Every structure is written in structure tokens, then in C-alpha cells.
Amino acid sequence: MSQTSRTIHLASPDATCRLAERLGATLAAGDVLLLSGPVGAGKSHFARCLIRSLLRTPEDIPSPTFTLVQTYETSAGELWHADLYRLSDGGEIEELGLAEAFDTAIALVEWPDRLPEPPAQALSIAFAPLDDPEARNATLTWTDPRWDPRLEGLDA
Amino acid sequence: MGDTLTLLGLESSCDDTAAAVVRHVPGHAPQILSSIVHGQAELHADFGGVVPEIAARAHAEKIDLCVEQALADAGLTLAQIDAIAVTAGPGLIGGVLSGVMCAKGLSAGSGKPLVGVNHLAGHALTPRLTDMAAFPYLMLLVSGGHCQLLQVNGPEDFTRLGGTIDDAPGEAFDKTARLLGLPQPGGPSVEAEARAGDPKRFRFPRPLLDRPGCDMSFSGLKTALLRTRDQVAADKGGLTRQDRADLCAGFQAAVRDVLVEKTRRALATYMEASPEAPMIAVAGGVAANQSIRAGLEEVAAAAGATFTAPPLRLCTDNAAMIAWAGLERFRAGQTDDMTLVARPRWPLDTARAGMLGGGKKGAKA
């Protein structure tokens with residue numbers, strides 16, 4: 001499978017939120033989004049917007065930094081929001097049940113570099129800060145063809 | 001029900017595993033007969049931070065030992081306990097689950113009633129355990145994962161006046177420490193560094209300060225700190241110790257200003273109801289920050305309210321607060337059965353859920 005990559009310019013936090021919502025509307029069980037980038041790059045903002053857009057009723061969306069995982073029942077099925085920053089080895093990720101969730105739920109994973117083996121079906125989104133403090137670049141990378149139709153026209 | 005009650009409490013919702021025994025004779029100050037906290041901070045010091053225990057199994061092994069030790073320290077057997085209280089959420093689900101399973105096992109084996117407790121209610125009711133606080137009182141709960149202003153009206157009656165809509169201050173302190181290469185947990189290390197710093201050199205944003213209401217936002221502060229760090233480093237080719245101290249001091253001042261101002265507003269709302277013995281209590285690890293605490297004490301004094309902050313060992317995660325919150329529920333005739341479930345999220349004020357992470361601040365603050 002060949003790798004495809006596309007960079008989308010996000011002019012503001014609102015633009016990040018809109019991307020999250022549009023992508024969120026295409027998600028189903030088995031879809032994995034790997035959200036990378038430095039502290040403050042907008043990973044959590046993206047995740048919160050996406051989760052909020054899929055919740056049937058408003059709910060708290062706490063940071064998963066301390067609890068590692070927060071799970072939600074959404075209109076698109078079960079969703080896992082994980083933050084792997086505090087993990088140190090792959091065994092812990094297994095204990096977390098994340099590998100299973102990759103098959104049975106929608107998964108949003110922050111700090112995915114802790115994964116010993118990123119799932120092949122994943123869409124990677126790398127957020128990069130720019131000189132304009134409001135703006136970010138999001139680079140989307142994937143090999144699984146499932147993403148091709150969904151990402152068409154997303155940056156338009 | 002004016003009887004003496006003795007409860008065993010179990011807590012395993014985050015990184016610590018804990019068990020405690022609390023006794024209450026009506027009309028008297030509650031007594032903590034024992035309180036065991038099996039923390040992981042020391043165990044994992046080599047990793048530069050607290051590494052979470054993932055496996056429910058590992059939690060389960062530790063909680064058994066904590067229970068044994070808590071009973072032994074209290075000089076009691078399970079037969080002499082009136083009921084078993086356990087944190088049923090919110091928190092790290094593997095941990096919560098192991099606590100609930102253990103409590104169910106103890107309850108089934110001993111025939112003692114089971115009482116599920118909200119971890120946040122445990123924190124929010126701690127001033128009743130330590131200071132016999134009278135309802136209603138105002139509570140600022142600020143920890144690693146939480147930040148809310150609550151009016152506590154009864155053991156199960158909480159009104160959320162405001163809170164963070166994104167990160168909690170404790171998390172902001174941890175991430176500031178990460179960004180500046182300081183050790184975890186970030187609260188104490190950033191505070192220590194800030195002591196040698198000039199809080200006026202860098203002016204960080206005070207998000208939502210200009211908006212009415214008691215909601216707060218700390219996520220943007222982290223980004224501002226990152227930008228300032230990079231700018232200073234680019235200008236000078238690196239950060240000096242003084243730069244780092246000044247960054248910490250400026251950051252801490254911004255957090256303090258936001259917490260103090262929002263607390264002042266919440267206090268004004270609370271005082272409108274003319275409580276007989278007005279009191280504001282602060283709990284959670286962030287309450288240990290001396291600068292923030294001093295700011296809150298001033299606000300309380302200006303409003304004519306008593307200020308209290310439970311001792312740190314009862315402010316951070318512990319099981320005595322769970323035993324106490326369970327005791328209050330049990331005294332009110334509330335118990336749970338074997339259908340008690342572990343809940344990863346469990347807002348105290350269900351009428352106002354959806355604010356945390358709701359990001360409802362319009363344009364970027």
C-alpha cells in the first residue's frame with residue numbers, strides 16, 4: 001500500500017474544530033486517528049471538537065492525560081480518547097485494551113509515538129505550530145485506501 | 001439514625017491505591033481511625049514522573065493489602081464495620097473497576113452494605129470531615145484533572161457555579177514543567193522555580209477573565225508559555241535559569257489571577273443566599289500552592305467568609321474522604337447493591353454536565 005500525505009492549513013482554532021467535525025462525521029468502528037505534535041499544538045482541541053460533534057447529549061470531555069483513556073458512547077458507536085504520554089512501554093498499552101479498541105471502536109490517540117506498532121489502518125494527523133499563534137498546519141498521512149474518499153475535498 | 005457509624009473506604013481511581021476507616025459519633029468531630037495510601041510516586045521516581053498503573057489486576061492486589069492494613073491499624077475486623085464505601089468513578093477505569101470489585105467481594109463475604117461514592121464528592125465533602133463544615137459551603141476543587149467551583153448543599157446536592165472548559169490547572173502546571181524541563185509532578189517544581197522569578201517580566205493571558213461567570217480556561221496559557229519560551233530561546237540562543245524562573249513566576253501569576261477572580265465571583269453568588277456560617281474550602285493538590293492559596297485567603301477575608309484548606313494528605317487522593325462521603329450517604333439511608341458500576345465520568349452536578357471540554361468560549365480567548 002502506498003502512503004498518501006496532505007497538508008491542510010488551519011487558520012484558527014475554529015478551523016481546526018471544523019476539520020475535526022467534518023472528519024468526525026465520516027468515522028465508524030475500526031477507524032483510528034493518531035494525533036501527534038508538540039504540547040500546545042492543538043491535539044486535544046481537535047479531539048474535543050470531534051467528540052463533541054458526535055455526542056448525542058452534551059457531556060464533560062475531560063483531558064485523558066491522567067486517566068489515560070476516556071470512552072464515550074457516540075452516535076457513531078463507541079469512541080476511545082487516549083493520551084499515551086505517561087506510558088513507558090508497549091505492555092502497558094496492551095493492558096489498557098487499546099489494541100482491541102482499534103478493532104471495535106473509534107479511537108483517537110494522542111502521543112501515538114508510544115505505540116510499539118501503529119495500526120495499519122490509522123490516519124495520522126501531525127499538528128505543527130506556525131508563526132501566527134492562532135494558526136496550525138495539519139499533515140494527514142495514511143496508507144489504508146479507506147481514507148481516500150473521506151479525505152477528498154476536506155481542505156476545500 | 002443517630003448511631004455511631006464506622007465505615008471502611010476504598011479508593012483506586014487514579015495513580016494511588018488507598019483504604020481507610022472513619023468513625024462518626026453524631027455531634028462529635030469525625031475520627032480517621034486509619035488511612036493507608038499506597039502511592040506510586042516513589043516507586044516510579046526513576047521515570048521522572050508518576051507512571052500510571054494500568055492493570056486492574058495490579059490495583060486489585062494492592063487494594064487487598066491496603067484494606068488489611070487499614071483494618072489492622074484501626075484495630076478492627078470487617079465484622080465491626082457498618083458499611084463499605086468505594087469510589088465508583090470518575091477516573092482511570094481499570095483502577096475504579098478493581099476497587100468496585102474488591103468492595104463487592106468484601107460486601108458479599110461479610111454481608112455488610114455497599115455504598116458507591118463519587119470521587120469528586122469525596123473531595124467536596126472533606127471539609128465536613130476535617131472542619132465539620134455546615135451546608136451550604138463553597139468549594140474550589142483544583143487538582144490535576146479537575147477544576148470546579150461548587151456550592152455544596154448536601155451530601156449529594158452540588159451546584160456547579162463554574163469550572164474549567166478545557167485543561168485543569170494541575171495539568172497546566174505539569175505541562176509547564178514538561179515544557180521547561182522541570183521534574184514531574186509539575187505543581188511543586190514550578191512553584192519552587194517561581195520563587196526566584198519575576199512574575200511581571202512575562203505577561204501571560206488571563207483567559208476568560210473579562211467574561212462574566214465563573215468558567216475558566218487554561219489551555220491557551222500553555223500555548224502562550226511555549227511561544228514565549230521559544231522566543232526567548234531564539235533571541236538569546238537558549239534559556240537561562242533566570243528566564244526559566246521568570247517564566248514559571250509569570251505562569252503561576254496568571255493561574256492565580258484567574259482562580260482568584262473566578263472564586264471571588266462564585267463567592268459573591270454564594271453569599272447572596274446569606275449562608276449562616278459562610279465558608280470557602282479549597283481541596284486538591286493545587287491548593288498546596290502557597291501563592292494561589294494566599295490569593296484565595298484574601299478573597300475569602302474580603303467577603304467575610306471563613307477559609308479552610310484540609311491538610312494536604314486529605315486534599316490529595318485518599319480513602320478517608322471516600323469512607324466519610326460513604327458515611328454521609330449511608331446515614332441518609334443510601335446504599336448500593338451488586339449492580340453498582342464503575343463510571344469513567346460522573347459529573348457531580350448532572351444538570352450542568354457538558355461544560356468541561358465544551359470549549360464554549362466563542363472566539364479564541
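Located above this text is the structure these notes cover.
Everything numeric in this text was worked out from a predicted model, so none of it was measured.

**Q** Lay out the overall build of chain B with the relevant residues and their values.
**A** Scanning chain B from terminus to terminus reveals 10 helices and 10 strands. A compact globule built from 365 residues should have a C-alpha radius of gyration of about 21 Å, and chain B, at 21 Å, falls within 12% of that. Judged by the C-alpha coordinates and their principal axes, chain B covers about 70 × 50 × 35 Å. Out of the 365 residues belonging to chain B, those deemed buried represent 58%. Relative to all contacts within chain B whose residues are 6 or more apart in sequence, the contacts with residues 24 or more apart total 73%. With an accessible surface of roughly 13,900 Å², chain B has 53% of that area assigned to carbon and sulfur atoms. Taking the 35 positively charged and 39 negatively charged side chains of chain B as two groups, their mean positions are separated by 6 Å.

**Q** Break down the sheet that holds strand β1 (residues 5-11) of chain B for me, citing the residues and quoting the values.
**A** Residues and elements named next belong to chain B. Reading across from one edge, β3-β2-β1-β4-β5 is the order of the 5 strands in this open sheet, with mixed pairing throughout. Two strands in the sheet have a free side with no partner beyond their single neighbour: β3 (31-38) and β5 (114-118). On average, each strand axis in the sheet is inclined to that of its neighbour by 20°, with strand direction left out of account. Sheet analysis places strand β2 (residues 17-24) next to β3, joined by 7 bridges and oriented antiparallel. Looking at β3, one finds that R23 is bridged to Q31. Contacts between helix α3 (residues 119-131) and the sheet are confined to β1, β2, β3, β4 (83-89) and β5, with β5 contributing the most and set at about 95° to the helix.

**Q** Tell me about the nonpolar core, residues and numbers included.
**A** The biggest cluster of nonpolar side chains holds 104 residues, and the ones touching the most others in it are L84 of chain A together with F218 and L259 of chain B. The leading source of residues in this core is helix α7 (residues 241-272) of chain B, at 12 residues. When residues are assigned to domains, this core turns out to be shared by domain 1 (5-134 + 313-346) and domain 2 (137-312) of chain B, each giving three or more. When near neighbours in sequence (up to four residues on either side) are disregarded, L259 of chain B contacts L140, V142, C147, P169, M216, F218, I292 and L296 of chain B.

Procedures and definitions
Residues numbered from 1 in each chain as written. Chains lettered and ligands numbered in written order. Predicted model: local features only at pLDDT ≥ 70, side-chain atom pairs only at ≥ 80, totals over all residues. Heavy atoms only, no water. Helix = DSSP H or I, 4+ residues; strand = E, 2+ residues; numbered from the N terminus. Rg over C-alpha atoms; globule rule 2.2 N^0.38 Å. Buried < 20%, exposed > 50% of the residue type's maximum accessible area, 1.4 Å probe, protein only. Contact = heavy atoms within 4.5 Å. Areas by Shrake-Rupley, 256 points an atom, 1.4 Å probe, with all protein chains shown as cover. Lys, Arg positive; Asp, Glu negative; His and termini not counted. Charge placed at Lys NZ, Arg CZ, Asp CG, Glu CD. Pairing = 2+ DSSP bridges. Axes fitted to C-alpha atoms, helices over the stretch in contact; angles between N-to-C directions. Core = buried A, V, L, I, M, F, W, Y, C linked by side-chain atoms within 4.5 Å. Domains from an automatic or database assignment.

Scope: geometric values only; no functional claims are made or implied.
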